[in-house]
Amino acid sequence: MLLTRRHVLKAAAASALLPRLAAAGPVTLTAREARQQIAPEGYPDTAIWGYEGGAPGPEIRVAQGARLSRRLMNELPQPTAVHWHGIRIDNAMDGVPGLTQQAVPQGGSFDYDFTLPDAGTYWYHSHNRSMEQVARGLYGPLIVDEPSAPDIDGEWVLVLDDWRLDPETGALAGDFDNGHDLSHAGRLGNLLTVNGGFDPAYPARQGARLRLRLINAANARVFELGLDGMQGWIVALDGMPLEEPLPVSGAFPLAPAQRADLIVDITAESGTAASLLSIERDGGYGLCRFDVAGQGARATREAPVPLPPNPLPVIEGLADSPLHQMRLEGGAMRWLDSARLGETELSGRELAQLGRFWALNGQADRPETPFLDAARGSLHRIAFVNETAFDHGMHLHGHHFRVIAPNGELGPWRDTVLVARGETRQIALVADNPGDWLLHCHMLGHASSGMTSWFRVT
Ligand SMILES: [Cu+2]
């Protein structure tokens with residue numbers, strides 16, 4: 001083709017437009033390798049994988065009801081995908097490779113675009129080889145603001161994690177799928193962090209009322225949390241407001257993937273520190289601290305009012321709803337006799353050689369047919385029967401559910417329920433979000449070695 005002056009002019013005009021088009025393009029979320037000071041100052045830094053090169057990745061904050069749009073760019077040496085944990089999301093945006101999308105190859109991209117129906121504290125994380133990719137740092141906070149904010153003086157998003165580091169080199173231990181971790185409690189770290197660092201400090205005033213948004217991003221650790229130098233209330237769990245704020249007294253658990261929103265009043269005096277504590281058998285360890293300088297409000301305040309409720313479904317006729325049992329089986333000390341892998345029944349020994357240590361209802365991988373095939377809008381009870389010697393945090397995608405208390409009353413809305421060893425926990429689920437949804441243990445090594453199933457809503 002001959003280039004005419006008209007063609008040249010058109011090309012020039014197009015190139016002049018390019019910078020503007022690029023600037024107006026989608027907001028990216030790049031998953032890439034980076035280095036970060038995870039261990040205390042004086043120790044070497046650590047090679048991580050992070051969104052925008054940070055662990056946690058950038059805080060994404062949107063208004064309730066708004067759309068979120070992000071182009072995932074994969075600069076990792078592995079395929080990846082992003083799951084938006086706790087969001088009652090359009091199924092195609094849920095980020096589960098092999099179920100809702102293909103994993104994004106190295107150098108590839110994927111456009112996520114969805115609305116956020118509920119206010120609250122959520123998070124995003126890798127859902128491909130998650131036991132490795134989340135341990136390497138691929139997670140970040142996702143905050144959805146209420147139309148009217150609670151009466152507070154400040155707010156901190158606190159992402160909790162534990163890391164398994166070599167103290168000499170700062171390197172992350174690379175044994176992500178070692179059989180001992182998989183068959184026991186999962187990968188537990190030797191360094192506890194908040195927002196990707198050791199014992200970070202935040203400023204505060206005595207008497208200040210703060211909102212703390214706690215997110216457990218650890219692979220397997222159930223944090224037992226306590227407060228020192230502040231008194232507070234739990235006002236939301238897994239993003240969803242409690243009907244009445246629950247005063248914090250003593251320790252409260254936060255299982256992997258769970259969130260808790262606290263409203264706290266700083267009681268520590270100016271010149272001292274208040275702390276978020278990890279309660280262990282031999283005492284409490286500070287996870288992060290609030291250096292108190294100066295005085296805020298003097299008067300003791302009344303308990304906070306509940307956060308505005310989210311548009312969750314109504315649960316009626318629970319006693320008449322079908323009850324589905326899911327047995328949690330296997331692991332160390334209760335080794336599987338046998339379980340199915342695909343259509344094949346294998347012995348526990350054969351499964352262990354294949355890195356499978358757990359099963360859900362006798363199936364040691366995600367089955368062909370769904371655990372539950374629900375009509376849209378129908379109400380179901382699921383009983384998680386934990387026959388193992390370990391705790392498991394069971395997570396449903398695309399939905400929140402209500403925990404059913406032993407006395408039959410409906411408890412808080414959650415997306416992840418901790419089922420202690422030997423315990424049975426029932427939940428009530430309104431299956432109102434169409435699609436194929438994962439149901440799995442959020443101890444990520446357990447999920448990859450047998451504890452993954454799914455349900456369908458049509
Ligand atoms: Cu588990």
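Structure: above.
First, a word on what this report is: a plain description of the structure on this page. Bear in mind the structure is a predicted one, so any value in this text is a computation, not a measurement.

1. Some remarks on the pattern of salt bridges
Consideration 1: Tallied over the entire structure, the rule returns 30 salt bridges.
Consideration 2: Taking the shortest distance from any N to any O, the salt bridge between D118 and R88 comes out at 2.7 Å. Taken together, the residues D118 in the loop between β6 (109-115) and β7 (120-126) and R88 in the loop between β5 (82-85) and β6 connect sequence positions 30 residues apart. In terms of burial, D118 and R88 fall into one category: buried.
Consideration 3: Here E155 ties to R213 by a salt bridge, and the two come within 2.8 Å at their closest N and O atoms. One end of the pair, E155, is in strand β9 (residues 154-163); the other, R213, is in strand β12 (residues 209-216), with 58 residues separating them in the sequence.
Consideration 4: By relative accessible area, which is 24% here, E155 ends up partly exposed.
Consideration 5: Residue classification places R213 among the buried residues on the basis of a relative accessible area of 0%.
Consideration 6: Residues participating in the shared-partner salt-bridge network are E59, R61, D145, E146, E155, R211, R213 and D261.

2. Section: the side chain of H127
Consideration 1: Structurally, the position occupied by H127 is in the loop between β7 and α2 (130-133).
Consideration 2: At 3.4 Å, the side chain of H127 and the side chain of H397 are in polar contact.
Consideration 3: Among residues more than four places away in sequence, those in contact with H127 are A81, H83, G95, V96, P97, H397, L438 and H440.

3. Quick look at empty space enclosed by the protein
Consideration 1: What the rule picks out here adds up to 3 cavities of 30 Å³ or more.
Consideration 2: Roughly 60 Å³ of internal volume is contained in the largest cavity.
Consideration 3: As for the largest cavity, its lining consists of A135, D161, D162, W163, R164, L172, R187, L188, G189 and N219.
Consideration 4: Across the lining of the largest cavity, the residue classes break down as 4 nonpolar, 2 polar and 4 charged.
Consideration 5: Empty space within the second largest cavity amounts to approximately 40 Å³.

4. Notes on the packing of aromatic side chains
Consideration 1: All told, the structure shown has 10 aromatic pairs when counted by the stated rule.
Consideration 2: A centroid spacing of 5.2 Å and a plane angle of 55 degrees characterise the contact between Y51 and Y124, whose relative ring orientation is tilted. On the criterion of sequence distance, the pair formed by Y51 in strand β2 (residues 46-51) and Y124 in strand β7 is long-range, its members being 73 residues apart. Y124 shares its class with Y51; the two are buried.
Consideration 3: Through a chain of ring-to-ring contacts, three or more aromatic side chains come together here, namely Y51, W84, F110, Y112, F114 and Y124.

5. Topic: the nonpolar core
Consideration 1: Ranked by internal contacts, the top residues of the largest apolar core, which has 88 residues, are W84, F114, L142, F384, M394 and L396.
Consideration 2: Counting residues per element, this core draws most heavily on strand β30 (residues 424-431), at 5 residues.
Consideration 3: Ignoring sequence-local partners within four residues, the contact set of M394 consists of M326, L328, L360, F384, F401, D415, T416, V417, V419, L439, H440 and C441.

6. Section: unusual backbone geometry
Consideration 1: Across the junction of A55 and P56, the peptide omega takes the value 0 degrees, indicating a cis bond.
Consideration 2: In the Ramachandran plot, E52 falls in the positive-phi region, its phi being about 55 degrees despite a non-glycine side chain.
Consideration 3: Among the structural elements, E52 can be located in the loop between β2 and β3 (60-63).
Consideration 4: With a relative accessible area of 34%, E52 lands in the partly exposed category.
Consideration 5: A positive phi angle, close to 80 degrees, is found at M333, a residue other than glycine.
Consideration 6: Its location among the elements puts M333 in the loop between β20 (323-330) and β21 (338-341).
Consideration 7: A relative accessible area of 58% places M333 in the exposed class.

7. Things to note about the environment of P150
Consideration 1: Note that P150 resides in the loop between β8 (139-145) and β9.
Consideration 2: Taking the C-alpha atoms as reference, P150 lies 33 Å from L318; in sequence the two are 168 residues apart.
Consideration 3: What P150 contacts, discounting residues up to four positions off in sequence, is R211, I263 and L307.

8. Side note on the sheet that holds strand β11 (residues 201-206)
Consideration 1: One open sheet holds the 5 strands; their spatial order is β11-β19-β18-β13-β16, and the pairing between them is mixed. Edge strands, defined here as strands with exactly one partner in the open sheet, are β11 and β16 (252-254). Across the sheet, the mean angle from the axis of one strand to that of its neighbour is 35 degrees, orientation sign disregarded.

9. So, the sheet that holds strand β1 (residues 28-36)
Consideration 1: Taken in spatial order, the 4 strands make up an open sheet running β2-β1-β4-β6, and their pairing is mixed. The sheet is open, and its two borders are formed by β2 and β6, each paired with just one other strand. Going across the sheet, the axis of each strand differs from the next one's by a mean of 25 degrees, ignoring polarity.
Consideration 2: Pairing between β1 and β2: 6 bridges, direction antiparallel. Directly across from R35, in β2, lies its bridge partner A47.

The rules behind the values
- Residues numbered from 1 in each chain as written.
- Predicted model: local features only at pLDDT ≥ 70, side-chain atom pairs only at ≥ 80, totals over all residues.
- Heavy atoms only, no water.
- Salt bridge = Lys/Arg side-chain N within 4 Å of Asp/Glu carboxyl O.
- Helix = DSSP H or I, 4+ residues; strand = E, 2+ residues; numbered from the N terminus.
- Buried < 20%, exposed > 50% of the residue type's maximum accessible area, 1.4 Å probe, protein only.
- Polar contact = N/O pair within 3.5 Å; in protein donor to acceptor, adjacent residues only side chain to side chain.
- Contact = heavy atoms within 4.5 Å.
- 1 Å grid on protein atoms, 1.4 Å probe; cavity = no way out; pocket = protein on both sides within 12 Å on 5 of 7 lines; lining within 4 Å.
- Points joined across faces, edges and corners; volume = space filled by probe spheres on them.
- Nonpolar A, V, L, I, M, F, W, Y, C, P; charged D, E, K, R; others polar.
- Phe/Tyr/Trp six-rings, centres within 6.5 Å; stacked < 30°, edge-to-face > 60°.
- Core = buried A, V, L, I, M, F, W, Y, C linked by side-chain atoms within 4.5 Å.
- Pairing = 2+ DSSP bridges.
- Axes fitted to C-alpha atoms, helices over the stretch in contact; angles between N-to-C directions.

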